Amino acid sequence: MNHQQALTKYIASFISELVNNGIEDVVVSPGSRSTPMAMVMAEHPELRIHIHVDERSAAFFALGMAKASSRPVAILCTSGTAAANYYPAIVEAFYSRVPLIVLTADRPHELRDVGAPQAIDQLHLYGKHVKWFIEMAPPEDSEGVIRYVRTACARAAATAKQSPAGPVHMNFPFREPLIPDLNHPELFSLSNRKDGYITVEPAQYSLQEDHYKELAAELGSYEKGMIICGPIEEDGFTEAVISLAESLNYPILADPLSQLRSGQHRKEHVIDAYDSLLKNETAKQQLKPDVIIRFGAMPVSKPLLLFLKSHPEVRQIVIDGGGGFRDPALLSTDMIYCQETLFCKKVASYTSKSEQASYLNLWREINTLTKEQLRAVLHIEELNEGKIFAQLAELLPEGATVFVGNSMPIRDLDTFFHVNNKSITVMANRGANGIDGTVSTALGAAMFSQPLYLIVGDLTFFHDLNGLIASKLYHIPIHIIVINNNGGGIFSFLPQAEHPKNFELLFGTPLNINFEHSVKMFGGKYEKITDWVHFSSALLNETDTFQVLELVTKRDKNVQEHRDLWDAVSREISRLLEG
């Protein structure tokens, strides 16, 4: 068998196994060295190909698809710096536990480190930010190598999906000529094990039954217990953690990415204004718990983190079904590796209904008072950043997805987006908390989640304008709300704002961009919002492309309005607690 035939059989075997392992989507960035893989992929009837010429945006686009579909997505690029442009999205996927299968084409071994074009060192290119790396053997047609390529594929897919999910990297050295033989009558037929070469059963962390019983007894003995839910995506978790909270009579401090603030589930135990109320020192002392159970990644709220740090002696139990170590404050006393939903169900089943409700009721009372004060933002007549998020639950349609940018938008969402009965899914890139790739990630998510509303600041939007091309190419409808305060609004809340000499130069960074031109360049619709009535009507416009609604705000006024609200909250809490 000649080189072309061997190349084709090797790649076709790999792609067949990829599909057998549940991969349905691949994002391809055009290039020469990846030619054989791309051409064979395009022939498979069960594989959807999405072309994106910008590798950085392409990887984030795939990340969004994987987040929204809960399935691994593959990305393919050529050799050289194309592969390096994947890095930011791979970092985000690793820390946010999103499954990606990263396929990079490479020069063959004889062309490495000799000055060949588009040849960089791609071995372990992403370091510890992938769960597994393999340098694939050069293509050949031997029975052993075909078994090898199929097994490697199955292993990669299983590793990407295994909790904690994440990216894997497979590097393929290809020799010229690169054109495969697509005329083979049975291109994707497999002579043996046609339904998949190997099945890898995922492991699941659990505990012995006696351990569940012991924990249930211990947790039931505490008068002041609380549950903290950070970003977490797991089937059945919402009902399971609510049942646990009801059994223990614990409040649940629910991060907006926990998916506990929206939906038809019971919410009597859900506390959603802790970010504001924990700015009050008296509240921080009187709400001190005896025990904390924490699920998911660390929540967005800095006041919550400071609250935890102020009580380092409190027992803190972290449950992690992925076997990680999500404890940035180093406060945990118990790190329990157990699948989260299973943990909640088991412990609740061994817990007698607690009659102690004074601690829970105190949280509820302060939480209700705090939300009443925060509603004052709805009376602000000028365009205001916080008011955008305070109106979301009322304005958005049932089943909407909100994708929120980092910096101020995610924090305003945490402060002003409260419990509601609509099924609203909240998403964000909180693995590495960066602003890069946000537009592309949201567009990828919009492939599976509709309608989708992206809310970002002007710097975040600018940072990923290239990502808009995906909406044009694949007719992805998405509503983008750009909060334009002409710079980095979050820095105005940080200590460097007290040093005005070079603040605008180093941190404010005003761009003075007219986004209308950029939107029209990519074929989108643009509206500059003039008032709240305009915002409410424009938000619900139907669109078959991307729609950008730009709200211009002032950074200094935004800071003052936030601080006035927080001061009002703190005053009322002090009156309540101090009589």
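Everything below is about the structure shown above.
A brief structural summary.

The rules behind each value
- Residues numbered from 1 in each chain as written.
- Predicted model: local features only at pLDDT ≥ 70, side-chain atom pairs only at ≥ 80, totals over all residues.
- Heavy atoms only, no water.
- Helix = DSSP H or I, 4+ residues; strand = E, 2+ residues; numbered from the N terminus.
- Rg over C-alpha atoms; globule rule 2.2 N^0.38 Å.
- Buried < 20%, exposed > 50% of the residue type's maximum accessible area, 1.4 Å probe, protein only.
- Contact = heavy atoms within 4.5 Å.
- Areas by Shrake-Rupley, 256 points an atom, 1.4 Å probe, with all protein chains shown as cover.
- Lys, Arg positive; Asp, Glu negative; His and termini not counted.
- Charge placed at Lys NZ, Arg CZ, Asp CG, Glu CD.
- Disulfide = S-S within 2.5 Å.
- 1 Å grid on protein atoms, 1.4 Å probe; cavity = no way out; pocket = protein on both sides within 12 Å on 5 of 7 lines; lining within 4 Å.
- Points joined across faces, edges and corners; volume = space filled by probe spheres on them.
- Pairing = 2+ DSSP bridges.
- Axes fitted to C-alpha atoms, helices over the stretch in contact; angles between N-to-C directions.
- Arc of directions from axis to C-beta.
- Polar contact = N/O pair within 3.5 Å; in protein donor to acceptor, adjacent residues only side chain to side chain.
- Salt bridge = Lys/Arg side-chain N within 4 Å of Asp/Glu carboxyl O.
- Left-handed = near helix turned anticlockwise from the far one by under 90°.
- Nonpolar A, V, L, I, M, F, W, Y, C, P; charged D, E, K, R; others polar.

**Some remarks on the overall build of the protein**
And then number 1: Scanning the protein from terminus to terminus reveals 23 helices and 18 strands.
And then number 2: By the compact-globule yardstick of 25 Å for 579 residues, the protein fits well, its C-alpha radius of gyration being 26 Å.
And then number 3: Projected onto its principal axes, the C-alpha positions of the protein cover 90 × 65 × 45 Å.
And then number 4: Classification of the 579 residues of the protein by burial places 58% in the buried group.
And then number 5: For the protein, restricting intrachain contacts to residue pairs at least 6 apart in sequence, the fraction spanning at least 24 positions comes to 77%.
And then number 6: As presented, the protein carries roughly 23700 Å² of accessible surface, and 51% of it is formed by carbon and sulfur atoms.
And then number 7: If you average the places of the 52 positive and of the 69 negative side-chain charges in the protein, the two averages end up 2 Å apart.

**Some remarks on the state of the cysteines**
And then number 1: With the rule as written, the count across this model stands at 0 disulfides.
And then number 2: With no disulfide partner, Cys77 has as its closest neighbouring cysteine sulfur the one in Cys153, 17 Å distant.
And then number 3: For Cys77, a relative accessible area of 0% corresponds to the buried category.

**Some words on the layout of surface pockets**
And then number 1: Computed from the structure, the second largest pocket encloses a volume of approximately 400 Å³.
And then number 2: Lining the second largest pocket are 19 residues; nearest its centre among them are Lys9, Ser13, Asp141, Ile146 and Ser189.
And then number 3: It is helix 1 (residues 3-20) that contributes the most residues to the lining of the second largest pocket, 5 residues altogether.

**Describing the sheet that holds strand 7 (residues 225-229)**
And then number 1: If you walk across this open sheet you meet the 6 strands as 9-8-7-10-11-12, and the pairing is parallel. Sheet topology places strand 9 (270-271) and strand 12 (334-336) at the edges, where each strand pairs with a single neighbour.
And then number 2: Packing of helix 7 (residues 209-220) onto the sheet brings it into contact with strand 10 (291-295), strand 11 (315-319) and strand 12, and relative to strand 11 it is tilted by some 140°.
And then number 3: Sitting on the sheet, helix 8 (residues 237-248) touches strand 7, strand 8 (252-254) and strand 10, and the angle it makes with strand 7 is about 170°.

**Considerations on helix 22 (residues 532-539)**
And then number 1: Residues of helix 22 that are buried include every one of Trp532, His534, Phe535, Ala538 and Leu539, and no others. Taken end-on, helix 22 shows its buried residues confined to a sector of 155°, consistent with a single buried face.
And then number 2: If you check the start of helix 22, you find a side-chain oxygen 3.2 Å away from the backbone N of Val533, and it comes from Asp531.

**Section: the sheet that holds strand 13 (residues 401-404)**
And then number 1: The 6 strands are arranged 14-13-15-16-18-17 in an open sheet whose pairing can be described as parallel. Strands with a single pairing partner mark the edges of an open sheet, and in this sheet they are strand 14 (425-427) and strand 17 (525-528). Taken over all neighbouring pairs, the strand axes of this sheet differ in orientation by 20° on average, direction set aside.
And then number 2: Pairing of strand 13 with strand 15 (residues 452-457), which is carried by 4 bridges, proceeds in the parallel orientation. What sits directly across from Thr401, in strand 15, is Leu452.
And then number 3: Here helix 22 sits on the sheet in contact with strand 15, strand 16 (478-484), strand 17 and strand 18 (546-552), set at roughly 165° to strand 18.

**Things to note about the pattern of salt bridges**
And then number 1: Across all of its chains, the model carries 25 salt bridges by this definition.
And then number 2: With a closest N to O distance of 2.8 Å, Glu135 and Arg112 form a salt bridge. Linking Glu135 in strand 5 (residues 132-135) with Arg112 in the loop between strand 4 (100-106) and strand 5, this pair joins segments that are 23 residues apart in sequence.
And then number 3: The exposure class assigned to Glu135 is partly exposed, which follows from its relative accessible area of 21%.
And then number 4: When its relative accessible area of 18% is taken as the criterion, Arg112 is described as buried.

**Examining the packing of helix 13 (residues 358-374) against helix 23 (residues 555-578)**
And then number 1: Contact geometry of helix 13 with helix 23 gives a least axis separation of 9 Å together with a crossing angle of 145°. As for the relative orientation of helix 13 and helix 23, their crossing is right-handed in sense. Taken together, the residues of helix 23 that come into contact with helix 13 (itself represented by Leu362, Glu365, Ile366, Leu369, Thr370, Gln373 and Leu374) are Leu565, Ala568, Val569, Glu572, Ile573, Leu576 and Leu577.
And then number 2: Its residues assigned to classes, the contact of helix 13 with helix 23 comprises 10 nonpolar, 2 polar and 2 charged.

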